[in-house]
Amino acid sequence: MILDHLQFGIFKEIKPNIMEITINDGVELDRAKLSVVAVGLCEKYQKNPYAILANRENVYFHFYESMEVYDNLINLKGVANLVNVNVAAKTTQSEDKNSDKIRTFGNREQAIDWLQKTLSEA
């Protein structure tokens, strides 16, 4: 599987159809890297609905335009940004405003619960 071989992060299914993504510290997520992740997600889930827990424990960068890659993923039902620091929360909250599929959480269990609910409504 493609996601097993990517060097810039950890990709682990934590619940059925919920992929936790932890990007390594200092990585710049450009459109090319996100496109490879998108291909890996499509390979893993094929035609099944799935969700992403984006663990924001590390500091990494991406351009707003690069997030359009995820907007085009038909079977992606939700993205929960898991943050631990107030500064990170402010950064990711701007992403929340741009998509109904994205929410920011400070609590891991609440994030996973929301993703499971989102999947059950799919």
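Look above for the structure.
Residues numbered from 1 in each chain as written. Predicted model: local features only at pLDDT ≥ 70, side-chain atom pairs only at ≥ 80, totals over all residues. Heavy atoms only, no water.

A.B. asks: Just to check I follow, could you spell out the overall build of the chain for this structure?
C.D. replies: Helix and strand content of the chain: 4 helices and 7 strands. The linear arrangement of helices and strands in the chain, starting from the amino end, is β-β-β-α-β-β-α-β-α-β-α. When the 122 residues of the chain are sorted by exposure, 43% land in the buried category. For the chain, the proportion of contacts with a sequence separation of at least 24, taken over those separated by at least 6, is 71%. (Helix = DSSP H or I, 4+ residues; strand = E, 2+ residues; numbered from the N terminus. Buried < 20%, exposed > 50% of the residue type's maximum accessible area, 1.4 Å probe, protein only. Contact = heavy atoms within 4.5 Å.)

A.B. asks: Please explain helix α4 (residues 108-120) as it appears in this structure.
C.D. replies: With 13 residues, α4 extends 18 Å between its outermost C-alpha atoms, agreeing within 8% with the 18 Å of an ideal straight helix rising 1.5 Å per residue. Where α4 is buried, its residues meet β1 (9-15), β2 (18-23), β4 (50-55), β6 (76-82) and β7 (102-105). Between the side-chain oxygen of the N-cap and the backbone nitrogen of E109 there are 3.0 Å, and the N-cap of α4 in question is N107. (Expected span 1.5 Å × (residues − 1). Polar contact = N/O pair within 3.5 Å; in protein donor to acceptor, adjacent residues only side chain to side chain.)

A.B. asks: Explain the side chain of T118 to me, please; I cannot follow it from the model alone.
C.D. replies: Along the chain, T118 turns up in helix α4. Apart from the residues lying within four places of it in its own chain, the contact partners of T118 are K77 and G78.

A.B. asks: Teacher, can you tell me more about helix α1 (residues 31-45) here?
C.D. replies: Note on helix geometry: an α-helix contains 3.6 residues per turn, so any two residues three or four positions apart are oriented the same way. The first and last C-alpha atoms of α1 sit 21 Å apart over 15 residues, in line with the 21 Å expected at 1.5 Å per residue. Taken together, the buried positions of α1 are occupied by L34, V37, A38, G40, L41 and Y45. All buried residues of α1 fall inside an arc of 165 degrees around its axis, so they share one side. Those residues of α1 hidden inside the fold are in contact with β1, β2, β3 (28-29), β4 and α2 (68-71). Positive backbone phi, approximately 45 degrees, marks Q46, located one or two places after α1. (Arc of directions from axis to C-beta.)

A.B. asks: For this particular structure, what's the right way to read the environment of D113?
C.D. replies: Residue placement: D113 occurs in helix α4. Judged by its relative accessible area of 46%, D113 is partly exposed. Taking C-alpha positions, D113 is 10.0 Å from A80, a pair spaced 33 residues apart along the chain.

A.B. asks: Sorry, what's going on with the nonpolar core here?
C.D. replies: Considering soluble globular proteins, one finds that nonpolar side chains tend to be buried as a cluster. Residues F8, F11, I23, V37, L41, I52 and Y70 are the most contacted members of the largest nonpolar core, which totals 24 residues. Among the elements of the structure, β2, α1, β4, α2 and β6 are those that each provide at least two residues to this core. Grouped together as the second largest cluster of nonpolar side chains are 11 residues, I18, L53, A80 and I112 included. (Core = buried A, V, L, I, M, F, W, Y, C linked by side-chain atoms within 4.5 Å.)

A.B. asks: I would appreciate a short explanation of the environment of F8 in the present structure.
C.D. replies: Along the chain, F8 turns up in the segment before β1. When its relative accessible area of 12% is taken as the criterion, F8 is described as buried. The spatial distance from the C-alpha of F8 to the C-alpha of E28 is 9.1 Å, given a sequence separation of 20 residues.

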